[in-house]
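# Examining the three-dimensional arrangement
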Amino acid sequence: RIRDRFLNNLYQSLINSSQLKLDFIYGDISEKGILTPLDGQQRLTTLYLLHWYIAKHEGIQESEYEFLHNFTYETRFSSRDFCNELIEFCPNFKSDKLSSQIFDQHWYAFQWKDDPTIQSMLVMLDAIHSKFCNTSGLWQELYDQEIIGFYFLPLSKMGLTDDLYVKMNSRGKPLTPFEHFKAYFEGKIKDKYPEEAKRISHEFDIEWTDMLFPYRDKNQIIDDEFICYFHFISDM
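Residues numbered from 1 in each chain as written. Predicted model: local features only at pLDDT ≥ 70, side-chain atom pairs only at ≥ 80, totals over all residues. Heavy atoms only, no water.

Now for the environment of Phe-150. Among the secondary structure elements, Phe-150 is positioned in strand 3 (residues 148-154). Between the alpha carbons of Phe-150 and Leu-22 there is a distance of 4.7 Å; along the sequence they are 128 residues apart. Leave out the neighbours within four places in its chain, and Phe-150 touches Lys-21, Leu-22, Asp-23, Ile-25, Leu-44 and Leu-47. (Helix = DSSP H or I, 4+ residues; strand = E, 2+ residues; numbered from the N terminus. Contact = heavy atoms within 4.5 Å.)

In structure tokens form, the structure reads like this:
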């Protein structure tokens, strides 16, 4: 659901030539201009795959997408090798799934089937192919016009350390279904009622949290209670 919603936003932005910002990505930029993210890996990887797909799909000259060689995984050599091979690969876009073609390539290592990063990239490639297979002329919107972007916040300029960010961001803990629902629900309200959205967001974080906190579970969280309450309201 989250993947489909994200791809649909990217699709609508490119088709309608409307600006799309992917919120903040945190990290640092070295003196050589190398961006090392601490957050936003999935968004950056999706942008990389989207650039690759549209470039190959529209037959863009290699010199125009040569910059994709700069995208790499520093600590995951298997993912790094996969990206290097992917850049050189040109699929047959008439098939339903690009992943099936990639599996059959001589450079595709058997052990990659157990690599979660590579498998996630293959799933995203198939989803991108399903969404963008009938499009054309999007390279100019994506690359030349810079329709899609994000805000970058260097932690060093804020005086923050990597350790502090890790603690702040609770890295390694997936978002709960309630946190996904909350972001989606607030986004829907914000689209139509921006002023009302501020009040709703405040009540989520303050009043409604205070109201449900006495009913928290043994882990001292109330996400499930929030979901149950919204289920009840919806049913009524």
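Our next topic: the packing of helix 2 (residues 41-57) against helix 5 (residues 116-132). The N-to-C vectors of helix 2 and helix 5 enclose an angle of 50 degrees; their axes lie 10 Å apart at closest approach. Here helix 5 runs oblique to helix 2, going by the angle between their axes. In this structure, helix 2 crosses over helix 5, and the sense of that crossing is right-handed. Contacts between helix 2 and helix 5 involve Thr-45, Thr-46, Tyr-48, Leu-49, Leu-50, Trp-52, Tyr-53 and His-57 from the former and Met-121, Met-124, Leu-125, Ile-128, His-129 and Phe-132 from the latter. (Axes fitted to C-alpha atoms, helices over the stretch in contact; angles between N-to-C directions. Parallel < 35°, antiparallel > 145°, perpendicular 65-115°, else oblique. Left-handed = near helix turned anticlockwise from the far one by under 90°.)

Another aspect to go through is helix 5. Its 17 residues place the ends of helix 5 24 Å apart at the C-alpha level, agreeing with the 24 Å of an ideal helix rising 1.5 Å per residue. Among all positions of helix 5, only Thr-117, Ile-118, Met-121, Leu-122, Met-124, Leu-125, Asp-126, Ala-127, Ile-128, His-129 and Phe-132 are buried. N-capping of helix 5 is provided by Asp-115, with a side-chain oxygen placed 2.9 Å from the backbone N of Thr-117. (Expected span 1.5 Å × (residues − 1). Buried < 20%, exposed > 50% of the residue type's maximum accessible area, 1.4 Å probe, protein only. Polar contact = N/O pair within 3.5 Å; in protein donor to acceptor, adjacent residues only side chain to side chain.)

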